[in-house]
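Descriptive structure summary
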Amino acid sequence: MNTNIHQSHLSTTDSLHETGIDFIQHKPLDALIDVEEDSKVKYNSILKLIESTSDMSTQEKIDAMNKSYNRRSQEHWQNIRNFAFVSLGLLGLVIIAPSTTKTIHKIISA
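Quick caveat: nothing in here was measured; it's all calculated off a predicted structure. (Residues numbered from 1 in each chain as written. Predicted model: local features only at pLDDT ≥ 70, side-chain atom pairs only at ≥ 80, totals over all residues. Heavy atoms only, no water.)

Further remarks concern the confidence of the model for the chain. Mean pLDDT over the chain: 78, with 73% of residues reaching 70 or higher. Averaged pLDDT values for the elements of the chain fall to 73 in helix α3 (residues 98-109) and rise to 85 in helix α2 (residues 58-96). pLDDT under 50 marks residues 5-13. Its contacts with residues more than four places away, or in other chains, come to eleven contacts. (pLDDT = per-residue confidence, 0-100. Helix = DSSP H or I, 4+ residues; strand = E, 2+ residues; numbered from the N terminus. Contact = heavy atoms within 4.5 Å.)

In this structure the tally under the stated criterion is one aromatic pair. On the numbers, 6.4 Å between centres and 65° between planes, the contact of Tyr 43 with Tyr 69 is edge-to-face. Of this pair, Tyr 43 sits in helix α1 (residues 16-52) while Tyr 69 sits in helix α2; the two residues are 26 residues apart in sequence, bridging distant segments of the chain. (Phe/Tyr/Trp six-rings, centres within 6.5 Å; stacked < 30°, edge-to-face > 60°.)

Moving on, we come to the pattern of salt bridges. Opposite charge on two side chains lets them pair, provided their charged atoms get close. Applying the stated rule across the entire model yields three salt bridges. Across the pair Lys 42 and Glu 75 runs a salt bridge, and its minimum N-O distance is 2.5 Å. With Lys 42 in helix α1 and Glu 75 in helix α2, this residue pair connects regions lying 33 residues apart in the sequence. On the basis of relative accessible area, Lys 42 is assigned to the partly exposed category, the value being 41%. For Glu 75, a relative accessible area of 10% corresponds to the buried category. Glu 75 serves as the salt-bridge partner of Arg 71, at 3.7 Å between the closest nitrogen and oxygen. (Salt bridge = Lys/Arg side-chain N within 4 Å of Asp/Glu carboxyl O. Buried < 20%, exposed > 50% of the residue type's maximum accessible area, 1.4 Å probe, protein only.)

See the structure below:
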């Protein structure tokens, strides 16, 4: 898992709006990286299991690997789509209504 933790500290020059934009730049990307790493680990584990099994024919192993690869590809595009939706949604909230930035900051701080 990604261990990068981005904490924003409000100073006299920072506003809540800037803090919200900083959050939007880092948190969704960190989440995407974490999900992608988990997906890779799962895919590699499945491949190792398929390769180590002795009760499958070569063709069955190839078919199982193809299915696993297709599922990994679907997960990859799902992750990218979810990242885009969340990022655009949060960006829209911060740009459209700066007062929501205060609410988001309170939620994050809690």
